[in-house]
Amino acid sequence: MLSTGTEKKIDLTPGDDGTPTHVAIIMDGNGRWAKQRRLPRVAGHKKGADAVRECVRACGELGISYLTLYAFSSENWKRSEEEVDDLMGLLRHYLRHEIEALNRNNVRLRCIGGRERLSSDIVELMTHAEERTARNTGLTLILALNYGAQAEIVEAARRLAAKAAAGEVKPEEIDETMFAAHLQTADFPDPDIIIRTSGEKRLSNFLLWQAAYAELIFIDDYWPDFTKETLLKALAEFGLRERRYGARLG
Ligand code: FPP
């Protein structure tokens, strides 16, 4: 139940069998995984990219409708030039070489985040991948690239302010539904579950608005060690939690 107009009507309820509709993941710990093995950080990111493949496949198999992965935050530019280049190289490789496999598996790819700072060839690959997979009806894989939630919220506020200044909306008409429809995630339901690996317990500027009712699940494993088993354990924990959306039950 989605709409792409100014109204955002989203069914928040996970599937009847308890499977979440939307899983979002903060993939953390690539560097520590590599350090533990006395390997360069890039080795952790490469193994992390393998874990991305496994996770996408597992979500497809489990009938999850949306998977959002925090692949590169707007703060990640502060890393060394070498590491940023390595991460961009992996993203480039993923967008270039995985698209046909995603397409065969009926996966629809969407990207969120600011495109202005990304190199033009990566933006072209993103756009091509989105167009190539647009008609797929299986898992929607949302890659957050150069993404920061505060910037996303500010941008939505700016767009609404411009509409108000132009007389297209009245300030008093602006409510949560209209606001959400101006976020980059307007086409997707909010995540039911946000998983963060590596033992850190923070949201780090990821989906701050959309996280309002998400269950937060923190896993000690580093991201490169993430497997279908890890996902199943997180989903089992999700299944045990009672979601109330602020209401009293019983
Ligand atoms: C955090 O590990 C992870 C990232 C910076 C982003 C995740 C990137 C990948 C999995 C690589 C490729 C992605 C795709 C979509 C192909 P970290 O370096 O912050 O780990 P640390 O905290 O242990 O240093």
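Heads up: the structure comes first, above all this text.
An account of the accompanying structure is given in this report. Note that the structure is predicted; figures quoted are calculated from it, not measured. (Residues numbered from 1 in each chain as written. Predicted model: local features only at pLDDT ≥ 70, side-chain atom pairs only at ≥ 80, totals over all residues. Heavy atoms only, no water.)

## Remarks on the overall build of the protein chain
Then, number 1: For the protein chain, the count of helices and strands is 8 helices and 6 strands.
Then, number 2: Taken from N to C terminus, the helices and strands of the protein chain fall in the order β-α-α-β-α-α-β-α-β-α-α-β-β-α.
Then, number 3: Relative to a compact globule of 250 residues, whose C-alpha radius of gyration would be 18 Å, the protein chain shows 18 Å and is just as compact.
Then, number 4: Projected onto its principal axes, the C-alpha positions of the protein chain cover 60 × 50 × 35 Å.
Then, number 5: Taking all 250 residues of the protein chain together, the buried fraction comes to 48%.
Then, number 6: A sequence separation of at least 24 residues applies to 75% of the contacts in the protein chain between residues at least 6 apart.
Then, number 7: Surface exposure of the protein chain reaches about 13000 Å², of which carbon and sulfur atoms provide 49%.
Then, number 8: Once the 35 positive and 39 negative side-chain charges of the protein chain are each reduced to a mean point, those two points are 3 Å apart. (Helix = DSSP H or I, 4+ residues; strand = E, 2+ residues; numbered from the N terminus. Rg over C-alpha atoms; globule rule 2.2 N^0.38 Å. Buried < 20%, exposed > 50% of the residue type's maximum accessible area, 1.4 Å probe, protein only. Contact = heavy atoms within 4.5 Å. Areas by Shrake-Rupley, 256 points an atom, 1.4 Å probe, with all protein chains shown as cover. Lys, Arg positive; Asp, Glu negative; His and termini not counted. Charge placed at Lys NZ, Arg CZ, Asp CG, Glu CD.)

## Some details on the side chain of Thr 140
Then, number 1: On the secondary structure map, Thr 140 appears in strand E4 (residues 140-147).
Then, number 2: Excluding anything up to four places from it in sequence, Thr 140 contacts Ser 65, Tyr 66, Leu 67, Arg 108, Arg 110 and Phe 188.

## With respect to the packing of helix H2 (residues 41-62) against helix H3 (residues 81-97)
Then, number 1: The interhelical angle for the contact between H2 and H3, taken along N-to-C directions, is 30 degrees, at an axis separation of 10 Å. The pairing of H2 with H3 is recorded here as roughly parallel in orientation. The element H2 and its partner H3 pack so that their crossing is right-handed. Within the contact between the two elements, H2 uses Arg 41, Val 42, His 45, Lys 46, Ala 49, Val 52, Arg 53 and Val 56 and H3 uses Glu 83, Asp 86, Leu 87, Leu 90, His 93 and Tyr 94. (Axes fitted to C-alpha atoms, helices over the stretch in contact; angles between N-to-C directions. Parallel < 35°, antiparallel > 145°, perpendicular 65-115°, else oblique. Left-handed = near helix turned anticlockwise from the far one by under 90°.)

## Digging into the packing of H3 against helix H5 (residues 120-132)
Then, number 1: Across the interface, H3 lies against H5 with an axial gap of 9 Å and an inter-helix angle of 30 degrees. Between H3 and H5, the interaxial angle falls into the category roughly parallel. Note that H3 runs across H5; the crossing there is left-handed. Within the contact between the two elements, H3 uses Met 88, Arg 92, Leu 95 and Arg 96 and H5 uses Asp 121, Ile 122, Leu 125, Met 126 and Ala 129.
Then, number 2: In the contact of H3 with H5, the residues fall into 6 nonpolar, no polar and 3 charged. (Nonpolar A, V, L, I, M, F, W, Y, C, P; charged D, E, K, R; others polar.)

## Details of the pairing of strand E5 (residues 193-196)
Then, number 1: The alternating pattern of E5 places Ile 193 and Ile 195 and Ile 194 and Arg 196 on opposite faces, both of which are buried.
Then, number 2: As defined by bridge partners, strand E1 (residues 22-26) adjoins E5 across 4 bridges and the pair is classed as parallel. Pairing of Val 23 across the sheet is with Ile 193, part of E5.
Then, number 3: In the sheet, E5 pairs with strand E6 (residues 215-218) via 4 bridges, with the strands oriented parallel. (Pairing = 2+ DSSP bridges.)

## Observations concerning the site of the ligand
Then, number 1: In the region of the ligand, 17 residues are neighbours, and Met 27, Gly 31, Arg 32, Arg 41 and Arg 79 sit closest.
Then, number 2: A distance of 2.7 Å separates an oxygen atom of the ligand from a polar atom in the backbone of Arg 32.
Then, number 3: Residue Arg 79 places a side-chain N or O atom 2.7 Å away from an oxygen atom belonging to the ligand.
Then, number 4: In isolation the ligand offers 620 Å² of accessible surface; the protein chains occlude 93% of this area.
Then, number 5: Considering each element in turn, the shell around the ligand owes the most residues, 4 residues, to H3.
Then, number 6: Within the shell around the ligand, the residues separate by chemical class into 6 nonpolar, 6 polar and 5 charged. (Near = heavy atom within 4 Å. Polar contact = N/O pair within 3.5 Å; in protein donor to acceptor, adjacent residues only side chain to side chain.)

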